[in-house]
Amino acid sequence: MASEQRLMILDSASMYFRAFFGVPEVLAPDGTPVNAVRGFLDFISRLVGDYRPSHLVCAWDNDWRPQWRVDLIPSYKTHRVLRAVPGPRPDIEVVPDPLEVQVPIILEVLAAVGLCVVGADGYEADDVIGTLATGAPMPVDVVTGDRDLFQLVDDAGDVRVLYIARGVGNHERVTDEVVVGKYRVLPSQYADFATMRGDASDGLPGVAGIGEKTAASLLLKFGDLRGIVDAAGDPGSEMSPGPRRRILDAADYLLVAPKVVAVARDIELPAYDARLPSAPRDPERLAELAQRYGLDSPVKRMRAVLAG
């Protein structure tokens with residue numbers, strides 16, 4: 001058992017998408033696909049068994065594409081919009097039908113187990129994670145396949161990322177040293193680095209002509225994006241003509257993009273209890289769900305790992 005308190009924060013959508021695409025199709029007795037449910041539960045069991053956190057939060061996307069981010073950069077996640085929804089409700093995201101039907105089941109099972117789910121209206125799971133991880137009163141492990149969350153890594157604050165891009169069973173423990181080794185920037189510089197580099201998967205164009213190598217060298221020389229922009233506008237600075245021109249040409253983008261790329265760290269969250277239970281909160285309901293959806297094996301594994 002763990003000798004200290006430790007918070008594990010799960011990037012839930014990152015994990016259940018990975019489970020859906022990585023676990024072969026499995027059907028419940030009534031024909032409902034449940035491969036994402038089974039995979040997600042087994043991912044949690046494996047991580048809890050390996051790391052023995054005292055607290056665990058499943059961070060949730062109450063709004064996967066917040067309007068305030070779209071207002072700043074209209075292309076933000078545009079290619080993932082299935083249908084725009086007028087008013088305050090989130091747009092509908094492109095999600096494979098066999099996965100979409102599983103998300104409510106995942107929530108039902110998590111509730112029956114007693115695992116904490118936290119979301120915030122108008123914000124993404126990344127923002128929930130950023131708020132929970134920043135200033136947490138205990139060490140933090142953030143589980144994600146999204147490298148944007150490398151901006152949260154902080155050895156001094158005891159925050160690391162368990163990066164699952166190559167699978168939960170082959171994840172990487174990302175610390176300050178790992179970020180510096182991979183990208184030649186500090187975690188505190190990573191959001192500025194990502195802003196310049198851009199990210200096609202999120203609809204962020206980046207600065208044309210500025211790749212990872214140039215972005216890292218500019219941050220090494222000028223410290224942060226504010227310093228880079230100021231140097232580009234200063235004829236007497238030591239910035240070479242090529243990057244100077246590209247930074248100046250991207251002035252409008254660089255004015256708003258940092259607010260989009262940086263995860264929020266101080267949003268208001270609903271009340272929650274992140275303590276990891278030693279037994280299911282509602283064992284009868286959990287047994288009912290396990291029977292209905294053919295989840296006996298993953299539920300058994302979950303119960304065993306919670307019992308220690």
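Residues numbered from 1 in each chain as written. Predicted model: local features only at pLDDT ≥ 70, side-chain atom pairs only at ≥ 80, totals over all residues. Heavy atoms only, no water.

Draft legend 1. The sheet that holds strand E7 (residues 159-163), seen in detail. Across the sheet, six strands lie side by side as E5-E2-E1-E6-E7-E8; this open sheet has mixed pairing. Edge positions in the sheet fall to strand E5 (116-118) and strand E8 (172-174), since each has one partner strand and no second. The average angle at which neighbouring strand axes cross in this sheet is 25°, direction not considered. In terms of strand pairing, strand E1 (residues 7-11) meets strand E6 (residues 140-144) through four bridges, oriented parallel. Note that in E6 the partner of leucine 7 across the bridge is valine 140. (Pairing = 2+ DSSP bridges. Helix = DSSP H or I, 4+ residues; strand = E, 2+ residues; numbered from the N terminus. Axes fitted to C-alpha atoms, helices over the stretch in contact; angles between N-to-C directions.)

Draft legend 2. Layout of the side chain of arginine 65. With respect to the helices and strands, arginine 65 occurs in the loop between strand E2 (55-59) and helix H3 (67-72). Classification of arginine 65 by relative accessible area gives buried; the value is 9%. In terms of polar contacts, arginine 65 uses its side chain to reach the backbone carbonyl oxygen of proline 74, at 3.4 Å. If near-sequence neighbours (up to four positions away) are discounted, arginine 65 is found in contact with Val70, Pro74, Tyr76, Lys77, Thr78, Val81 and Asp91. (Buried < 20%, exposed > 50% of the residue type's maximum accessible area, 1.4 Å probe, protein only. Polar contact = N/O pair within 3.5 Å; in protein donor to acceptor, adjacent residues only side chain to side chain. Contact = heavy atoms within 4.5 Å.)

Draft legend 3. Helix H8 (residues 190-197), seen in detail. With eight of eight residues buried, H8 is to be regarded as a mostly interior element. Tucked into the core, H8 has its buried residues touching helix H7 (176-183), helix H9 (212-222), helix H10 (225-232), helix H11 (241-249) and helix H12 (251-261).

Draft legend 4. Just the pairing of E7, in detail. When you tally the buried positions in E7, you get five out of five residues, the bulk of the element. Residues Val159, Val161 and Tyr163 of E7 are buried on one face, and the alternating residues Arg160 and Leu162, pointing to the opposite face, are buried as well. When E6 meets E7, the two strands line up parallel, connected through five bridges. Bridging across to E7, threonine 144 finds its partner in tyrosine 163. Note that E7 and E8 share three bridges and pair antiparallel. Residue pairing in the sheet places leucine 162 in a bridge with arginine 173 of E8.

Draft legend 5. Molecular detail of the packing of helix H2 (residues 35-51) against helix H14 (residues 296-307). Relative orientation of the contacting elements H2 and H14 amounts to 20°, with a least axis distance of 9 Å. Comparing their axes, H14 and H2 come out roughly parallel. For H2 against H14, the interelement crossing comes out left-handed. Seen from H2, the contacting residues are Arg38, Leu41, Asp42, Ile44, Ser45, Val48 and Gly49; seen from H14, they are Ser297, Pro298, Arg301, Met302 and Val305. Residue composition of the contact of H2 with H14, grouped by class: six nonpolar, three polar and three charged. (Parallel < 35°, antiparallel > 145°, perpendicular 65-115°, else oblique. Left-handed = near helix turned anticlockwise from the far one by under 90°. Nonpolar A, V, L, I, M, F, W, Y, C, P; charged D, E, K, R; others polar.)

Draft legend 6. Representation of unusual backbone geometry in the model. Phi is positive for lysine 77, close to 55°, though the residue is something other than glycine. Positionally, lysine 77 belongs in the loop between H3 and strand E3 (81-83). Judged by relative accessible area, which is 6%, lysine 77 ranks as buried. A positive phi is found at arginine 184, a non-glycine position, where the angle reads about 65°. Here arginine 184 shows up in the loop between H7 and H8. Classification of arginine 184 by relative accessible area gives exposed; the value is 58%.

Draft legend 7. Summary view of the side chain of glutamate 124. In this fold, glutamate 124 is placed in the loop between E5 and helix H6 (125-133). On the basis of relative accessibility, which here comes to 4%, the residue glutamate 124 falls in the buried class. Within the structure, the side chain of glutamate 124 is placed 3.0 Å from the side chain of arginine 69, a separation counted as a polar contact. Apart from residues lying up to four places away in sequence, glutamate 124 is in contact with Trp60, Asp61, Asp63, Trp64, Pro66, Arg69, Tyr76 and Lys77.

Draft legend 8. Spatial organisation of the nonpolar core. One finds Ile9, Val142 and Met196 to be the most contacted residues of the largest nonpolar core, which totals 58 residues. Looking at this core, the element that brings in the most residues is H12, giving six residues. With residues near it in sequence (within four places) discarded, valine 142 still touches Ile9, Ile129, Ala133, Leu149, Val159, Arg160, Val161 and Leu162. Formed by 45 residues, the second largest nonpolar core is a distinct cluster that contains Leu41, Leu47, Val168 and Leu306. (Core = buried A, V, L, I, M, F, W, Y, C linked by side-chain atoms within 4.5 Å.)

Draft legend 9. Local environment of the packing of aromatic side chains. Applying the stated rule across the entire model yields 11 aromatic pairs. A centroid spacing of 5.8 Å and a plane angle of 50° characterise the contact between tyrosine 16 and tryptophan 60, whose relative ring orientation is tilted. Linking tyrosine 16 in helix H1 (residues 12-22) with tryptophan 60 in the loop between E2 and H3, this pair joins segments that are 44 residues apart in sequence. The burial state of tyrosine 16 is the same as that of tryptophan 60; both residues are buried. (Phe/Tyr/Trp six-rings, centres within 6.5 Å; stacked < 30°, edge-to-face > 60°.)

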